[in-house]
Every structure is written in structure tokens, then in C-alpha cells.
Amino acid sequence: MKENPIIICRCEDVTLEDIEEAFKNGFKDIESMRRHLKIGTGPCQGKTCIPILQKILAGLQGKKQIDATSTRPPESPVPLGALVRGKKK
Amino acid sequence: MKNFDVVVIGGGITGLSTAYFLNRRGIKNVLILEKGYLGSGSTGRCGTGIRQQFTTKEHIVLMRESVNLWEEWENSLEQPIHFKQGGYLWLLRNEEELKQYKDYVRFQNLLGVPSRIISNEEIKEIAPEVNTVDTVGASWCPTDGTAYPFEVVDALKFYVERNGTAIKTFEEVKGINLKNDSVESVITDKDVYSTGFVVNGAGTGAKKVAQMVHIGLPIENYRHQIMVSEPLETFLDPMIVKGELYFTQTHRGRIIGGTDMNESPTDSIATSIDFLEKFADEITSTMPILSSVKIMRQWAGSYVVTPDRHPIIGPSEISNFILACGYSGHGFMLGPIVGKLLASYIIDGQMFLTEANNLTLKRFKEGKLIHEKAVIG
């Protein structure tokens, strides 16, 4: 790793270098890149890094823009206990 | 027209595992066609579990052999797949379940699977956080375990691409040409490939692919939901099962798990809040300390289910059109053994396990169904 890596995903410690390397290794679309590097899969759900990744990938793919990854609920992490319905059925 | 010895439709565990064993046995000229990215179907959506605690000879023997291959993959593939034998701890809720699972365990033992019935005290030794207030014991198999789906996909991709297999992603099969009752070529939205064999490992799309050669498959897609928590310090080794609930902790520290919503067949893989509520009810009563743990993400995938909840593997009415689908929720765990069986069918003309020969498509015509009782999540 470089001495001063440029961190793109703070939850999962993914750097710009990692993204460029993964692209070279054939992970060229945003969904497979996310699964390979785990970028955007941490507690913040990619709120910071996915837009940055879109921009980097668009550049690498030679496109003006690309779609974001699919988003999955919940919007922010929720404690399991808050979702309990209890016994009434 | 490009020619391949074998064209595999579907870039999930089935396709990658089949290519792996073909390559290993010297068949190098293999093509995998995937309409999305690798692992984008049920493989990448699965709950990571690998178990041998089944109720039929077919499932138990195939899974026993599959676990051996999972170990082999863990030790031999160049990239880590995080196969871990943390065991499956199947909690039993009443005397009736206990009696039933005693019979299952006896049968599993006869077939060489080291499962056993354990007491509430032993449950506490294996997983102290489990609430045993409403359990009477558990069925425990220490050699069951988990692996990490996308690491498996990556590791197999890495292997097969270096051993001759071509992988084409974002390329969808649109038709299959037949000549004299055998497959001659496969047509995609981008190209046409002539081939000696076609393997239908298309998961949720397997029915559609089989229709292209006029074969009807008795399979239906059922939505199953799943969730993953925020990362925690590692504390939980086994997969915990209780009724419809299952959960474990991944090597990345997250709790992963699901429960059955008992829905009718659908192709939808949308998620619902109902699932989170049912799951929260079940997991917090099974392991109360998890109530403060946060859910990070939920998603859904499909179980591709046959009438007897066993996969359809091996030959079809068309001699060079081979099936590997309808796993009924067990495709990831069966992936290694199915790939090896299909490679042997293609190379030797037969599958090397007697039990596998009971799982071909013709069992539905002949009325030789084999019923699996232990399906979860």
C-alpha cells in the first residue's frame, strides 16, 4: 500500500488504489466491485463512498456517469430490539 | 462461430464449480454465460450455511461429500473462501421435535455424519448466549459450517480463468439450437456459440432456459429474506437454527440470518418490514443479548423449489443438455459436489454417487419423489 493512501470507503478501508487494482482485475461494474472490495457495505451503507466510486468508475469506464449500486433498507442501522412486535398475534 | 466443449449457463456456484471440476479433469475449453455479474443470483444472496443435517439419504450423502470438497477448496484454492466448520446447532423446542431429530441423527450417523443430540447444558457450552428456557436440547453437528459466498465466487473465478474457462458476464442466453435431438449451439444477446454440452445452472432462470429446448421443469421461485447486522467482535461460531429462524456470525463480524415468511411462489425479490419484525421477534427471544445490535441491511433472494425439495441434477431427455437446478434453498452448500458430479457425467458418462442418480429429472415422471423434511429459512 502507498504511504499516504487515499481512503474512499472509511467503513471498510478501501483506497483509490484498491479500486484501480480491482478494475484491472476485471471487476468493472459497480455491483461486482462492491462485492469484491466490500466498498459501501459498512454501517454508513455507502453514503459517502458510493457517489465517489461512481465518479471514479465513470472515469475508468470512459463514461460521463454511471448508476449507483442498488440500495437496501434500512436507511440507517436500527437495533433489533426496536423491531420486536412482542407476543400479540 | 466460436466452439466450446461445454457451455454453462449461469455464473453462480453451480456454473463455477462445474467449470472448476471440468478444468481440473482436463476439459479446458469451457464457457460460462452469466446475464448479470458473477454471483448476482441466489449464490450471492444466500445465508452462507453448509450443513449435513438432512433427512434423506440423497441429501445426507451428497452433503457429506460436499463438505469434504469444501475443506479441499479451503485448503487448495489460492484465495480464502472462509470455510469454517463452526457446526450447526439446531435447537429443539419440545419432546416431539426431540424424538423426531433423534431419528434423523441416527440416520445421519449411519451414513457417516457425526451429528448428535445434546442437552441444554451442552448448548450453553457451545453458545452461552443462547436462551434455553424453551428448548429441550439440540441436534448438533460440529462438521457443518459456513463459507463466504462472494469470496467463493472470486476464488473459483480466479482458478477457472487461469485454467482455460472463458467467462462472459452481462450476456444473456436467448435461445438454444437443436439438431437431431441434441444441442448444437447457444444463442445470446451478443453472439452464438457451438458446443458439445450445455449445463443449465441458471438458478431462478433455469425454467426459462429449459423451455428453450422444450423441457418443462417442475420448479417454482420462492422469495426468502435475509438481513445482516453491524460488525461485532467475534463471539459466535455455529449456525443457530430454531424453527424457521437461522443465524450465525460471519468472519467479518456481522450477524447474518433469516426466517421463513411462508409465502406463495413469486419472482419478486423485494424486501419487507414484516420480515424484519418476525426476524427480530425470533432472534431476540433465541439470543436476547442481540436486541441492542443494529440491523445494517436486508435483502432477498430466491429458493428455486421442486415438489420434493431436492435438486434436479444430471441428464435430461436431450442427451447433451444437463440440469443442475431446483436446489430448494441448498444450492450454495451443494455446489462443490454437484460440480464434481456434473463433470463426471460429462467426462465419464455417469455420476459417481448412486444417490445422485435418484435426483435426475425423470424421477418426477416415474413418481419417484424423495421428500426432505428439514428445510429452513
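Residues numbered from 1 in each chain as written. Chains lettered and ligands numbered in written order. Predicted model: local features only at pLDDT ≥ 70, side-chain atom pairs only at ≥ 80, totals over all residues.

**So, helix H8 (residues 273–286) of chain B**
Taking 1.5 Å per residue as the helical rise, H8(B) with its 14 residues ought to reach 20 Å, and the 20 Å between its terminal C-alpha atoms agrees with that figure. Those residues of H8(B) that fall on the buried side of the exposure criterion are Phe275(B), Leu276(B), Lys278(B), Phe279(B), Ala280(B), Glu282(B), Ile283(B), Thr284(B) and Thr286(B). (Helix = DSSP H or I, 4+ residues; strand = E, 2+ residues; numbered from the N terminus. Expected span 1.5 Å × (residues − 1). Buried ≥ 20, exposed ≤ 12 C-beta atoms within 10 Å, placed from the backbone.)

**Some words on the pairing of strand S6 (residues 137–141) of chain B**
Regular strands place side chains that alternate from one sheet face to the opposite one. Residue and element names in this part refer to chain B. Counting buried residues along S6, five of its five residues qualify, which places the element largely inside the surrounding structure. Of the two faces of S6, the one carrying Gly-137, Ser-139 and Cys-141 and the one carrying Ala-138 and Trp-140 are both buried. Pairing of strand S4 (residues 88–92) with S6 involves five bridges; the strand directions are antiparallel. If you follow Leu-91 over to S6, its bridge partner there is Ala-138. Sheet topology places strand S5 (residues 116–118) next to S6; three bridges connect them, and they run antiparallel. Following the sheet pairing, Ile-118 is matched in S6 by Ala-138. (Pairing = 2+ DSSP bridges.)

**Structural notes on the interface of chain B and chain A**
Taken together, the contact between chain B and chain A spans 25 residues of the former and 18 residues of the latter. Contributions of two or more residues to the side of chain B that touches chain A are made by helix H6 (149–161), H8 and strand S16 (294–305) of chain B. Of the residues that constitute the side of chain B that touches chain A, the class distribution is eleven nonpolar, eight polar and six charged. Of the strand pairs in this sheet, strand S3 (residues 78–79) of chain A and S16(B) are connected by two bridges, and their pairing is antiparallel. By the bridge assignment, Val78(A) is partnered in S16(B) with Ile295(B). (Contact = placed C-beta atoms within 7 Å. Nonpolar A, V, L, I, M, F, W, Y, C, P; charged D, E, K, R; others polar.)

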